[in-house]
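Examination of the molecular architecture
Residues per chain are reported as follows:
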Amino acid sequence: MNPDLNEQPRRSAWPNPVDTALDRARRVAGMYRAHLRMLDLDACNRLDDTVAAFGETWMLDKPDIVDPDREVTTAEAAELVKTTPKRIREWACQLHPDKPDEPLLPRFKMRGRERTYLAGHVLAAAAWMRQRSSLRE
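Notes on the structure in this doc start here. Residue numbers here run from 1 along each chain, matching the order of that chain's written sequence. Note on the predicted model: pLDDT of at least 70 is required for a residue's local features to be given, and 80 or more for side-chain atom pairs to be given and counted; whole-chain, interface and lining totals, by contrast, use all residues. Hydrogens and water are ignored here; the side-chain numbers use all heavy atoms of the structure.

What follows is about the overall build of the protein chain. From N to C terminus, the protein chain includes five helices and three strands. In the protein chain, the succession of helices and strands from N to C terminus is α-α-β-α-α-β-β-α. The 137 residues of the protein chain split such that 26% are buried. Areas reported here follow the Shrake-Rupley algorithm with a probe of radius 1.4 Å; residue values treat only the protein chains shown as occluding. When the accessible surface of the protein chain is split by element, carbon and sulfur atoms take 54% of a total near 10600 Å². Helix and strand definitions here come from DSSP, where helices need a minimum of 4 consecutive H or I residues and strands a minimum of 2 consecutive E residues; each element is numbered from the N-terminal end. Burial classes follow relative accessibility: with a 1.4 Å probe on protein chains only, a residue under 20% of its type's maximum area counts as buried, one over 50% as exposed, and anything between as partly exposed.

Another point: the environment of Met 31. Among the secondary structure elements, Met 31 is positioned in helix α1 (residues 21–39). Given the relative accessible area of 45%, Met 31 is considered partly exposed. A C-alpha to C-alpha distance of 9.9 Å links Met 31 and Met 59, two positions 28 residues apart in sequence.

Take the nonpolar core next. Nonpolar side chains in soluble globular proteins tend to be buried together. With 21 residues, the main nonpolar core has Leu 80, Val 81, Ile 88, Trp 91, Leu 105, Tyr 117 and Val 122 as its most contacted residues. Elements represented by at least two residues in this core include exactly α3 (74–80), α4 (85–93) and α5 (119–136). Among the elements that line this core, the one with the most residues is α5, at eight residues. Discounting chain neighbours no more than four positions away, the residues touching Val 81 are Val 18, Ile 88, Trp 91, Val 122, Leu 123 and Ala 126. For our purposes a nonpolar core is just a set of buried Ala, Val, Leu, Ile, Met, Phe, Trp, Tyr and Cys residues, chained together by side-chain atoms within 4.5 Å. Whether two residues touch is decided by their heavy atoms; if any such pair falls within 4.5 Å, the residues are in contact.

Unlike most non-glycine residues, Lys 82 shows phi in positive territory, near 55 degrees. Look at Lys 82 and you get exposed, because its relative accessible area is 73%.

Attention now goes to the packing of α1 against helix α2 (residues 41–53). As a rule, the C-alpha atoms of each element are fitted with a line to give its axis, helices using only the stretch in contact, and angles between N-to-C directions run from 0 to 180 degrees. Running from N to C, α1 and α2 point in directions that differ by 135 degrees, and their axes come no closer than 5 Å. Regarding the angle of α1 to α2, the classification is oblique. Every residue of α2 that contacts α1 at Arg 33, Leu 36, Arg 37 and Leu 39 is listed here: Leu 41, Ala 43, Cys 44, Asn 45, Leu 47 and Asp 48. A class-by-class count of the residues in the contact of α1 with α2 yields six nonpolar, one polar and three charged. An angle below 35 degrees is read as roughly parallel, one above 145 as roughly antiparallel, one from 65 to 115 as roughly perpendicular, and any other as oblique. Ten residues, namely Ala, Val, Leu, Ile, Met, Phe, Trp, Tyr, Cys and Pro, are considered nonpolar, four, namely Asp, Glu, Lys and Arg, are considered charged, and the remaining ones, Gly among them, are considered polar.

Here a strand pair is declared whenever DSSP counts at least two bridges between the two strands. As summarised here, the arrangement of the three strands in space is β1-β3-β2, forming an open sheet in which the pairing is antiparallel. In this open sheet, the two strands that pair with only one neighbour each are β1 (71–73) and β2 (110–111). As defined by bridge partners, β2 adjoins strand β3 (residues 114–118) across two bridges and the pair is classed as antiparallel. By the bridge assignment for β3, Met 110 is matched with Arg 115.

Take the pattern of salt bridges next. Pairing is possible between side chains that carry opposite charge, provided their charged atoms lie close to one another. Whenever a carboxyl oxygen of Asp or Glu lies within 4 Å of a side-chain nitrogen of Lys or Arg, that contact is scored as a salt bridge. Overall, the coordinates contain four salt bridges when judged by the stated rule. Salt-bridge contacts for Arg 111 lead to Glu 76; the nearest nitrogen and oxygen are separated by 3.5 Å. Here Arg 111, found in strand β2, pairs with Glu 76, found in helix α3; they are 35 residues apart in sequence, far enough to count as distant. Glu 76 gets classed as partly exposed once you look at its relative accessible area, which sits at 33%. One continuous salt-bridge network, built from bridges that share partners, spans Arg 33, Arg 37 and Asp 48.

Any link to function would need more than the numbers given here.
Pasting the structure below:
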């Protein structure tokens, strides 16, 4: 055992808490690809062509960067965390287990007749629910 492993610096929180391991791997690969593209466009294009020939084109998609302060409707919130609008409404009615005085998903404002939420709150609620369901397994 290496005792220095216990002394490593603390890691920052992942910016999108609902990302799966596959999502994280793809985002990291996308970051490396973006840097390669800046440094050597021809090499990046050759590698893109090679993996695309094997049917792997996901890396050519533009990554979604979510502004946590962005106002989203119920439908947009559901799409953001890959769930149903009904579940988003349920989260908004449910009390947060760690903070009993607050909802799991705080409502923000209205956009016309639609309820809105802050994207950061939607991501946090989805992450909490994902963590809770993984503890049950």
